[in-house]
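Observations on the three-dimensional arrangement
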Amino acid sequence: MQKKFTAFLFLLLLLAACKSSQKNTSTTPVINAYNYSGVKKVIAENGAVVSAHPLASKVGVEILKMGGNAVDAAIATQLALAVVYPNAGNLGGGGFMVARLSNGETVALDYREMAPGSAHRDMYLDANGNADTDKSQLGHLSSGVPGTVAGLFASHKYAKLPFEKLIQPAIELAEKGFVISASEARGLNNIKNDLVKYNTVRPVFVKNTAWQKGDTLVQKDLAGTLKRIQQFGAAGFYEGETARLITEEMKRGTGIISTEDLKNYKAKFRTAHSFDYKGYKIVGMPMPSSGGLLLHQMMKMIEDKNISAMGFHSLQAVQLMTEVERRAFADRAEYMGDADYYKVPVSMLTNEVYLQERMKSYDPAKATPSTMIKPGGLLQTESEETTHLSVIDKEGNAVAVTTTLNNSYGSRTVVGGAGFFLNDEMDDFSIKPGVPNMYGAVGGEANAIKPGKRMLSSMTPTIVLKDNKPYIVVGTPGGTTIPTQIFQTLVNIIEFNMSAEDAVYKSKFHHQWLPDEIMTEKGFPAAVKEALQKMGYSFSKERGGIGRTEIIKVLSNGKFEAVADNRGDDAAEGW
Ligand code: GLY
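As a starting point, this report considers the structure included with it.

Scoring rules and cut-offs
Residues numbered from 1 in each chain as written. Predicted model: local features only at pLDDT ≥ 70, side-chain atom pairs only at ≥ 80, totals over all residues. Heavy atoms only, no water. Near = heavy atom within 4 Å. Polar contact = N/O pair within 3.5 Å; in protein donor to acceptor, adjacent residues only side chain to side chain. Areas by Shrake-Rupley, 256 points an atom, 1.4 Å probe, with all protein chains shown as cover. Nonpolar A, V, L, I, M, F, W, Y, C, P; charged D, E, K, R; others polar. Buried < 20%, exposed > 50% of the residue type's maximum accessible area, 1.4 Å probe, protein only. Helix = DSSP H or I, 4+ residues; strand = E, 2+ residues; numbered from the N terminus. Pairing = 2+ DSSP bridges. Arc of directions from axis to C-beta. Contact = heavy atoms within 4.5 Å. Axes fitted to C-alpha atoms, helices over the stretch in contact; angles between N-to-C directions. Parallel < 35°, antiparallel > 145°, perpendicular 65-115°, else oblique. Left-handed = near helix turned anticlockwise from the far one by under 90°. Phe/Tyr/Trp six-rings, centres within 6.5 Å; stacked < 30°, edge-to-face > 60°. Lys NZ or Arg CZ within 6 Å of the ring centre and 35° of its normal.

Looking at the site of the ligand
Lining the immediate surroundings of the ligand are 10 residues, of which Arg112, Glu425, Asp428, Ser457 and Ser458 lie closest. The contact in question runs from an oxygen atom of the ligand to an N or O atom on the side chain of Arg112, over 2.9 Å. The contact in question runs from a nitrogen atom of the ligand to an N or O atom on the side chain of Asn406, over 2.9 Å. Contact with the protein chains covers 100% of the free accessible surface of the ligand, which is 200 Å². Of the residues belonging to the shell around the ligand, the class tally is 1 nonpolar, 5 polar and 4 charged.

Here it is as structure tokens:
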């Protein structure tokens, strides 16, 4: 009897397992956008997607089930995020994709926004030559020419399913609506005044009453734009009706993106920035993102220091990492910008002798003041609202995408009739080289505004290879904290032997050379903070959370451990 029962139970479990790994043969993913939830961690065999929103992660996995690969899933997930996560998911922004394909090829795709043709170096200076950060951060003039749609189509050459299929879930989410979470309601309520101020046509995001958790957000204009993209491809965005709506919006709001700017926008394939670390190959984004290069510098500056023996969150390890972060960010301010416009000395900055030289001033007993590292140059503060997604499939394709509008909800300007937010990415340029902006920080000449140039980014979509196979797929939002969060997440796994979950959830810290202070988040050990203060370190006000890291780690049994950050609504899905 006992045996029979066990066999029956086994059969039931088998059926359930088969059902959950069944391929979705329908043409559109079936997702309930009115009643859904997300999980933080999955272990999956066939593929996984981690993103900032449960619905977007579900869309990605459904695309995998329909026979798509990781690139298909990344495209569909980004399009879904453009609907369900308007803070940072976007059509009106830009991003970077790093991929490692099953044939061994690495791909680095740049779809960063670019400065409009009539942009110029001093465009954010007032009559007295002072930087006007209101104009670089809010409203029509703060927008660079959007790159996302061009990027999605450029990446599609590695996908398997027709683009029309990949965009369909986003169309349905926009057209039929989805139920918003408490944090989404809060986000929209917080920007209501800006939405009224910086829009010429009242967007759907403005309601007479406050948004509540459980409200349904329907975006008909956005659905229309998505349908034009579905019908006409990238031209459905950069030309025709959508381009007309964007340029008309610009005219109404004294912005400068022109028909020509839109038509001329091109996503660019670049050579990935790769380096070796203790037998791992780390693949990241080159300029115009500083992420890959900063990560390279930081990892190499600790490589010979036996950090694992120091221990996680030990005084020694935190101090060493802080000093490393300080030195890398000093280089960022001076040397990094769009390499198509400015000669970035990448080989010098990653030369082992140079990095050893940088560490000569490192003293394990006390803080090195930032003034001693590089006087003069200053650093730009970036907004922290960006979003990352990590995807992997059973064929061996891995994709890391970080995409952004810059600020949360970008410029706060929604294109009238087209329903999507425009970025305020122009603020990622040094709006006045050499002079601090209203936040006390700027960048250098390398990142000065020029027409067609792409503003320096910190986004760090990263893939780590072990034995020449994808091992970790990772990235996070967080402005200038992005490279340091990825640095710490990788050190947590590679050096401190942590699970993906711990590597992401454990409290992080950040130093960016200027301001000369350590930023910590909730949970940072008080005793270490106190000891560091005694060594001469200053701290900024503690923050609730730093970053929202989405990670997939390939386990030794070949399964995928997909972990979504617990600092937001982020969700992992797999099958
Ligand atoms: N706007 C954030 C970044 O690109 O780093």
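Describing the pairing of strand S8 (residues 273-277)
Along S8, the buried face is formed by His273, Phe275 and Tyr277; none of Ser274 and Asp276, which line the opposite face, is buried. In textbook terms, the turn of a hairpin is the stretch between consecutive antiparallel strands, and for S8 and strand S9 (residues 280-284) this stretch comprises 2 residues, one of which, Lys278, has a positive phi near 45°.

Looking at helix H7 (residues 182-190)
Of the positions making up H7, those classed as buried are Glu184, Ala185, Gly187 and Leu188. On an axial view of H7, the arc spanned by its buried residues comes to 160°, and they lie on one face. Those residues of H7 that are buried lie in contact with helix H3 (70-84), strand S5 (178-179) and helix H8 (192-197).

Remarks on the packing of helix H15 (residues 315-335) against helix H21 (residues 526-534)
Two quantities define a packed helix pair, namely the angle between the helix axes and the distance between the axes. In the contact formed by H15 and H21, the axes pass within 10 Å of each other and the chain directions differ by 60°. In terms of their interaxial angle, H15 and H21 are classed as oblique. The element H15 and its partner H21 pack so that their crossing is right-handed. Packed against H15, whose contacting residues are Leu315, Val318 and Gln319, the element H21 presents Val528, Ala531 and Leu532 at the interface. Residues that form the contact of H15 with H21 fall into these classes: 5 nonpolar, 1 polar and no charged.

Some thoughts on the packing of aromatic side chains
Applying the stated criterion across every chain, the model contains 11 aromatic pairs. Measuring from centroid to centroid gives 6.4 Å for Phe524 and Phe539, while their planes differ by 50°, and the two rings are tilted. One end of the pair, Phe524, is in the loop between strand S15 (519-520) and H21; the other, Phe539, is in the loop between H21 and strand S16 (550-554), with 15 residues separating them in the sequence. Residue Phe524 is classed as buried on the basis of its relative accessible area of 7%. When the ring centre of Phe269 is taken as reference, the NZ or CZ atom of Lys157 above it lies at 4.6 Å. Geometry around Trp211 places Lys207 over its ring, the cationic atom sitting 4.8 Å from the centre.

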